[in-house]
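Residues per chain, in single letters:
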Amino acid sequence: MFKHTLMSVAIAAAFALPLSASAADNPELAAIRAQIQEMKQSYEARLQALEQRLQDAQAAVAEAQNTAAAAQQASAAAPAAAAPAPAAAQGDNAFNPSISLVLGGTFSNLSQDPGTYRFGGFMPPVGEVGPGSRSFNLGESELTMAANIDPMFAGQLTFALSGENEASVEEAFFRTRELGGGMNIKAGRFLSGVGYLNGQHSHTWDFVDAPLAYQAFFGGQYKPDGVQARWLAPFNTFLEVGAELGSGRSFPGNDRNKNGFNATSVFAHVGDDIGDSASWRAGLSWVRTGALDRAYEVDGIPNAFSGRSSIWMADAVYKWAPNGNPTQTNFKLQGEYMRRKESGTLASGELADGYAGTQSGWYLQGVYQFMPNWRAGLRYDRLSSGSPFIGLVDSGVLGMDAFPALASYNPKRSSVMLDWSPSEFSRLRLQFARDEARPGQPDNQVYLQYIMSLGTHAGHTF
Amino acid sequence: MTSLTKKLIAGGALALAFALPAQAAINVLTCEPEWAALTTELAGDKANVSSATNALQDPHRVEARPGLIARTRNADLVVCTGLDLEVGWLPLLVQQSGNAKIARGQPGYFEAGSFVPRLDVPTKLDRAEGDVHAAGNPHIHLNPHNIALVSAQLAKRLAAIDPANAAYYGARQADFAGRWSQAMRKWETQAAPLRGMAIVEHHRNMEYLMSWLGMHQVGTLEPKPGVEPSAAQLGQLLAQLQQQPAKLVLRAAYQDERASNWLSQRAHIPAVVVPFTVGADAESRDLFSMFDTTVQRLTAAVK
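Model, not experiment: these values are computed from the prediction.

**Student:** Mind laying out the overall build of chain B, listing which residues take part and the relevant values?
**Tutor:** Looking only at helices and strands, chain B features 10 helices and 8 strands. Projecting the C-alpha coordinates of chain B onto the three principal axes gives extents of approximately 85 × 40 × 40 Å. The proportion of buried residues among the 303 residues of chain B is 51%. Taking the contacts inside chain B whose residues are at least 6 apart along the sequence as the reference set, 64% of them involve residues at least 24 apart.

Written out as structure tokens, the structure reads:
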């Protein structure tokens, strides 16, 4: 009936239109026109009412889907094919933390014995240093559990499981959720916010290994046990400042059996976009920590350092993608400079005297995605040991041969890599590096690496 | 003018500059351009609206850039599609911004996807199926009926965030809804010839458009959601089209043209680009013209 009336309206309208000009004063036509107008309005109203009913019905469907989704999340273990459980029937696992797992491994070919790896001119750092072992290696597998704790706090724990069957706590912290005002506070063990690469988990790195400067000055990454506060300024340009207090146990510090705050770091980062296609971030950071009897041994001669370490870092990163869409091609340029001052005493055997040294290092790397899923990268690393003041040598008590690690040398390394990521959850990488960290013994390193990510996976930071 | 008066004036201006934001327009950050356009329709000059992404970006793959973090910090309301579309970057923005107003569950967090009926809700969650969205297909905005549903909810939310202008938002929503339903009837009439048409799409991001206009999909250029098209997959698709022909191959402006052109040439069907969202081309300045362009491109291709 609806269709029928519509049709008659249309016919009436078709007849009415051509006539209207010639017979404007015909009362019968005027009446028809008024009738049409009336019908039009009534249909308009009915259409609107129908549309409203449709909208209400759709909203109800959306609501039902929301309820079903909530119920499904609650009873995650229940098979999805089963009828959606009522929202009240929540499983015991509903509040379990989300789990994410990263599997990593390498196949390495090293031309030099990795057991002899050291940075010429530097005291050997403690931590994840060097190229690892030859042949197949289980890299670090990371197991992360994270969840909101309550409205105020969220927490996260990341285990690093090494190929040597050791589990270590990579990160374990809680953070505030809704302090507001641009403030975020974190406490526990966490990757420090200093520099650029320091805050990123190793599975997100663009090369197999950390830059030499990170290895020499931090023993990999700086991960204090302590508390961190960050504040984001309320500007349209990104400006973030942060400070951390720590136990001082992580390298270059060590456990000094001391109360209070034994390590301090501060950092500031600024950043912005350049048009739609590019963005940048740059920062300055400062870390101060101390060591007591930080012992090391090179060529069978035991040495130990006690004193203060302070590190300045400057970092910058620039990213480009056409129209800001990185799917097809994108480019990333990053570089960091680090300068460490250490002063205190240096012991050789029973003897000890003053020590002061300033050492620096930097790296610059570029990674280009030249087609979907494929990226190529180049990196250059350099360290400069400088010439330290060694009291025992200066006073003529001992010769430089008592401190074989500290003979001036400038280690360097060039790396090139190619990686393929069929999806954002998997990556295979080939890397070649010529590593001249040891004086006079260039090491040609070839790595094949896999990085696989399972489970819920948090997004990556800029 | 003495230097003292100058200083006083400067001081006054400065004080004003700090005082103003309290009563000025609310800051709205949207994840996608379509929600920025909708918010502007509803809020007019009562809101400073900006979109985190532009029409040429893939909303799945966006970097949590420093500039975005800064904009999130100052937002009173974040309007996003949700349904895990922005899962790779929005949580980072919210967390790093330290802005408590826009955390998930707060009034400042508006998830458009939760107010419309979803398509493609998976019965099985497995990453072997590619980039699956647990809550359903998130590209909801290409059915204008969904825009209508969201607009009613968004107006309510704007009123809740900014009660002083509640009546204003209500009035603008009523006006928008009237113009929108008229426009929908126009598009539906224009697009009537598309009913029953089979198409190939690049990614499963046109499902809502198809369900609105009665079209259906007989293949995607991507072998699995989020996986780039490969030569092998395209070859298979071409063979499959011999049995099950499609009228056109459809992609969004942000998607790479190569795969769709390849198929277009070999299967002898037109490759059609739709703006997908506001701002993709000069013709698609707002929501109305975006749908005008979409319907016009589709109908022109099958004439």
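Anyway, onward from the coordinates.
**Student:** So what about unusual backbone geometry? Which residues, and what values?
**Tutor:** All names here are of chain A. Following F251, the chain continues into P252 via a peptide bond in cis, with omega recorded as 10°. Within the secondary structure, P252 sits in the loop between β8 (238-246) and β9 (263-274). Positive phi, close to 60°, is recorded for N165, a residue that is not glycine. In this fold, N165 is placed in the loop between β4 (153-161) and β5 (167-176).

**Student:** Break down the sheet that holds strand β2 (residues 47-51) of chain B for me, with residues and values.
**Tutor:** Sheet strands associate in pairs through backbone hydrogen bonding, adopting either a parallel or an antiparallel arrangement. Residue and element names in this part refer to chain B. On the basis of which strands lie adjacent, the open sheet formed by 4 strands has the order β2-β1-β3-β4 and parallel pairing. The outermost strands of the open sheet, each flanked by one partner alone, are β2 and β4 (109-111). Averaged over all pairs of adjacent strands, the angle between their axes in this sheet comes to 20°, without regard to strand direction. Where strand β1 (residues 26-30) and β2 come together, 5 bridges link them in parallel fashion. Bridging from a neighbouring strand, N27 pairs with N48 of β2.

**Student:** Kindly report on the environment of L142 of chain B, identifying the contributing residues and their values.
**Tutor:** Residue and element names in this part refer to chain B. Positionally, L142 belongs in the loop between β4 and α5 (144-161). Residue L142 is classed as buried on the basis of its 24 C-beta neighbours within 10 Å. The sequence separation of L142 and E207 amounts to 65 residues, and the corresponding C-alpha distance is 8.2 Å. Those residues in contact with L142 that lie beyond four places of it in its chain are M206, Y208 and L209.

**Student:** Explain the domain arrangement of chain B to me, using residue names and the numbers behind them.
**Tutor:** Residue and element names in this part refer to chain B. Along its sequence, chain B is carved into domain 1 (19-186) and domain 2 (191-301). Elements that contribute at least two residues to the side of domain 1 that touches domain 2 include exactly α2 (33-43) and α5. Element by element, the count of residues in the side of domain 1 that touches domain 2 is highest for α2, at 5 residues. Split into classes, the residues belonging to the side of domain 1 that touches domain 2 amount to 12 nonpolar, 9 polar and 7 charged.

**Student:** Describe in detail the sheet that holds strand β8 (residues 271-274) of chain B, supporting the description with residues and values.
**Tutor:** All names here are of chain B. The parallel open sheet is built from 4 strands, whose spatial order is β6-β5-β7-β8. The open sheet terminates on both sides in strands that have one partner only, identified here as β6 (216-220) and β8. Across the sheet, the mean angle from the axis of one strand to that of its neighbour is 35°, orientation sign disregarded. Sheet topology note: the strand β7 (residues 248-252)/β8 ladder contains 4 bridges and is parallel. Bridge pairing in β8 places R251 opposite V273.

**Student:** Break down the interface of chain A and chain B for me, citing the residues and quoting the values.
**Tutor:** Taken together, the contact pairs 47 residues of chain A with 44 residues of chain B. Among the elements that make up the side of chain A that touches chain B, the one with the highest residue count is helix α2 (residues 27-74) of chain A (10 residues). Its residues assigned to classes, the side of chain A that touches chain B comprises 17 nonpolar, 22 polar and 8 charged.

**Student:** Account for the environment of V62 of chain B, naming residues and giving values.
**Tutor:** All names here are of chain B. Secondary-structure assignment places V62 in the loop between β2 and α3 (66-73). A count of 24 C-beta atoms within 10 Å places V62 in the buried class. With 155 residues separating them in the primary sequence, V62 and Q217 have C-alpha atoms 27 Å apart. Dropping the residues within four chain positions of it, V62 is found in contact with A52, T53, Q57 and W89.

**Student:** Describe α2 of chain B, listing the residues and the values that go with them.
**Tutor:** Residue and element names in this part refer to chain B. By the criterion of burial, α2 is predominantly enclosed, with 10 of the 11 residues buried. Three or more residues of α2 are buried, namely P33, E34, W35, A36, A37, L38, T39, E41, L42 and A43. Its buried side turned inward, α2 meets β1, β2, β3 (77-80), α5, α6 (166-190) and α10 (287-301). Of the residues flanking the end of α2, it is G44, one or two places downstream, whose phi is positive at about 55°.

**Student:** Tell me about the packing of α2 of chain B against α6 of chain B, and please be specific about residues and values.
**Tutor:** All names here are of chain B. Running from N to C, α2 and α6 cross one another at 115°; their axes reach a closest spacing of 7 Å. Each of E41, L42 and A43 in α2 lies in contact with α6, whose residues at this interface are Y169, R172, Q173 and F176. Along the lines of polarity and charge, the residues of the contact of α2 with α6 split into 4 nonpolar, 1 polar and 2 charged.

**Student:** Give me the domain arrangement of chain A: which residues, what numbers.
**Tutor:** For chain A, the assigned domains are domain 1 (2-74) and domain 2 (99-455). With centres defined by C-alpha atoms, the gap from domain 1 of chain A to domain 2 of chain A works out at 68 Å.

Criteria and cut-off values
- Residues numbered from 1 in each chain as written.
- Chains lettered and ligands numbered in written order.
- Predicted model: local features only at pLDDT ≥ 70, side-chain atom pairs only at ≥ 80, totals over all residues.
- Helix = DSSP H or I, 4+ residues; strand = E, 2+ residues; numbered from the N terminus.
- Buried ≥ 20, exposed ≤ 12 C-beta atoms within 10 Å, placed from the backbone.
- Contact = placed C-beta atoms within 7 Å.
- Pairing = 2+ DSSP bridges.
- Axes fitted to C-alpha atoms, helices over the stretch in contact; angles between N-to-C directions.
- Domains from an automatic or database assignment.
- Nonpolar A, V, L, I, M, F, W, Y, C, P; charged D, E, K, R; others polar.

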